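# Fold and geometry: a report
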Amino acid sequence: MVVGWEWDDTLFEGAAAYYARGRLPYAPGLAAALADTLNLDGRGRLIDVGCGPGTIALTLASLFGEIVGVDPDDGMIAEAERDAAGRGITERTRWVRARAEDLPAGLGTFTVATFGQSFHWMDQDLVASTVKGMLRPGGALVHISDLKPEAEAKTQTEEKAGVGGNLPYPAPPHAAVGDLIKSYLGPVRRAGRGVLPKGTPGGEREVLARAGFAGPQRLVVPGGQPLERSVDDVVAGVFSMSSSAPHLFGARLGSFETELRGLLRKASASGTFSERSPATEVFVWRNDAVER
């Protein structure tokens, strides 16, 4: 855990309703890549730890007989339940409001455990050890994230050019949006009721090796698909982040959103932006003694 910071249940308060619209999608080949790598056949059980609104779990739903999503935020769980119902798969899904540190929570054993950009919020050693005990022999822990260095370099290049890299509309002005957020919330990254001056911890590789997992096997699922983003999409992206969740602005939320929308309208006369979806980076760790 981060020294000097404690998790609290306001971390993503109010963000869930913006998440699906605001976040850039994972690469579309993610499910196929995992099906091939893990020999998934529509059976078995998946637990998605820190599931948010079910983004990863529902993307992989056809690959498993049962899906369990775990998240501490009520809003995220409600969004996941709604999305599962809309897809007609309620009978194969279960959504549990709990912190990862509360596992195993009587949930049984699983074929695969996924962490979609969530592991950094957790007591990593505790959660890694616990989840390893929840995986069947030969099961896998899968860590999924955007390929961040590539995405950051792309964003900087596009903003300097003022366009989305041969795309029809300007890139979202991420740097200017970041400056606006800081003008309201201060220069230090906010997180729940606290701050994270040095961000969240890394070191997942060392943690998972220490827990006894074998690996990792690294996959990169190509991105680069062109996306069109409206002003509403970009605003949703801002409010989907823990560092700029709606509750952090308090009584100034309306003023902030008005300024944000004004900034975005100035950046694109049409109200439309272009981006390319980032590649998705996957690390597969095996619950066995054989490194692959």
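Attention here is on the structure that accompanies the text. Residue positions are given per chain, counted from 1 along the sequence in the order it is written. Where local features are concerned, this predicted model is filtered to residues with pLDDT of at least 70; where side-chain atom pairs are given and counted, the filter is 80 or more; whole-chain, interface and lining totals use all residues. Calculated side-chain values reflect all of the structure's heavy atoms, with hydrogen atoms and water omitted.

## Re the nonpolar core
Burial of nonpolar side chains together is a common tendency in soluble globular proteins. Put simply, the rule reads: What makes a nonpolar core is a set of buried Ala, Val, Leu, Ile, Met, Phe, Trp, Tyr and Cys residues whose side-chain atoms join them at distances within 4.5 Å. Relative accessibility under 20% of the residue-type maximum defines a buried residue, over 50% an exposed one, and the middle range a partly exposed one, all with a 1.4 Å probe and only protein chains included. Helix and strand assignments come from DSSP, with helices taken as H or I runs of at least 4 residues and strands as E runs of at least 2, each series counted from the N terminus. Any pair of residues with heavy atoms lying within 4.5 Å of one another is described as a contacting pair.
Counting residues in each nonpolar core, the largest one holds 31 residues, and the members touching the most others are Leu-34 and Val-142. Every element with two or more residues in this core is listed here: helix 2 (30–38), helix 3 (55–59), helix 4 (74–86), strand 5 (135–146), strand 8 (214–221) and strand 11 (280–286). No other element matches helix 2, which puts five residues into this core. Aside from chain neighbours lying at most four places away, what touches Leu-34 is Asn-39, Leu-40, Leu-60, Val-142, Ile-144, Leu-219 and Val-282. If you look at the next biggest cluster of nonpolar residues, it comprises 25 residues, including Val-49, Val-70, Leu-107 and Phe-110.

## Section: the environment of Phe-256
Assignment of secondary structure puts Phe-256 in helix 10 (residues 253–267). What makes Phe-256 buried here is its relative accessible area of 0%. Between the alpha carbons of Phe-256 and Pro-28 there is a distance of 33 Å; along the sequence they are 228 residues apart. Apart from the residues lying within four places of it in its own chain, the contact partners of Phe-256 are Leu-180, Ile-181, Tyr-184, Val-238, Phe-239 and Phe-249.

## Points about the sheet that holds strand 11
Going by this rule: Strands are treated as partners if at least two bridges between them are detected by DSSP. Note on geometry: axes are C-alpha line fits, over the in-contact stretch for helices, and angles between N-to-C directions span 0 to 180 degrees.
Taken in spatial order, the seven strands line up as 3-2-1-4-5-11-8 in an open sheet, and their pairing is mixed. Unpaired on one side and paired on the other, strand 3 (93–97) and strand 8 mark the two borders of the sheet. Across the sheet, the mean angle separating the axes of adjacent strands is 20° when strand polarity is ignored. Judged from the seven bridges that link them, strand 5 and strand 11 form a sheet pairing that is antiparallel. Counterpart to Asp-146 in the pairing with strand 11 is Thr-280. Those strands touched by helix 2 are strand 4 (110–116), strand 5, strand 8 and strand 11, and its axis lies near 25° from that of strand 11.

## A closer look at helix 4
What counts, and what does not: Helix span, expected: 1.5 Å multiplied by one less than the number of residues in the helix. The directions considered for the arc are those from the helix axis to the C-beta atoms. Throughout this description, a polar contact denotes any pair of N or O atoms lying within 3.5 Å of each other; where both atoms belong to protein, one of them has to be capable of donating a hydrogen while the other can accept it, and for residues adjacent in sequence the pair is counted only when both atoms sit in side chains.
If you check helix 4, its first and last C-alpha atoms are 19 Å apart, about what 13 residues at 1.5 Å a residue would give, namely 18 Å. Taken together, the buried positions of helix 4 are Met-76, Ile-77, Ala-80 and Ala-84. Looking down the long axis of helix 4, one finds its buried residues gathered within 95° of arc, a one-sided arrangement. In helix 4, the exposed positions that point more than 90 degrees away from the buried face belong to Asp-74, Arg-82 and Gly-86. Contact partners of the buried residues in helix 4: helix 1 (16–22), helix 3, strand 2 (66–71) and strand 3. You can read the cap of helix 4 off the contacts: a side-chain oxygen lies 3.0 Å from the backbone nitrogen of Gly-75, and it is on Asp-73. Within two residues after helix 4, Gly-88 carries a phi angle of roughly 75°, on the positive side.

## What about unusual backbone geometry?
Trans is the prevailing form of peptide bonds, just as negative phi is the prevailing case for residues other than glycine. In the segment running from Leu-103 into Pro-104, the intervening peptide bond is cis, with an omega of 20°. Relative to the helices and strands, Pro-104 is located in the loop between strand 3 and strand 4. Here Gly-215 and Pro-216 are connected by a cis peptide whose omega angle stands at 5°. The residue Pro-216 is located in strand 8 in this model. Positioned with a positive phi, Ala-105 is a non-glycine residue whose angle comes to about 55°. Checked against the element boundaries, Ala-105 lands in the loop between strand 3 and strand 4. Note on Ala-105: relative accessible area 42%, which makes it partly exposed. Located in the positive-phi region is Gln-117, a residue other than glycine, with phi close to 55°.

## As for the side chain of Gln-124
Looking at the secondary structure, you find Gln-124 in helix 5 (residues 124–134). The exposure class of Gln-124 is buried, given its relative accessible area of 7%.

## As for the pattern of salt bridges
Let me state the cut-off plainly: A pairing counts as a salt bridge when a side-chain nitrogen of Lys or Arg comes within 4 Å of a carboxyl oxygen of Asp or Glu.
Evaluated as defined, the whole model comprises 15 salt bridges. One salt bridge in this structure joins Asp-41 and Arg-43, with 2.7 Å as the shortest N-O distance. Note that Arg-45 is salt-bridged to Glu-66, the shortest N-O span being 2.9 Å. Highlighted residues: Arg-45 in strand 1 (residues 45–49) and Glu-66 in strand 2, separated in sequence by 21 residues. A residue is classified by how much of its surface remains accessible, and Arg-45, at 13% relative accessible area, is buried. Ionic contacts of the salt-bridge type, sharing partners, join the residues Arg-21, Asp-232, Asp-233, Glu-257 and Arg-261 into one network.

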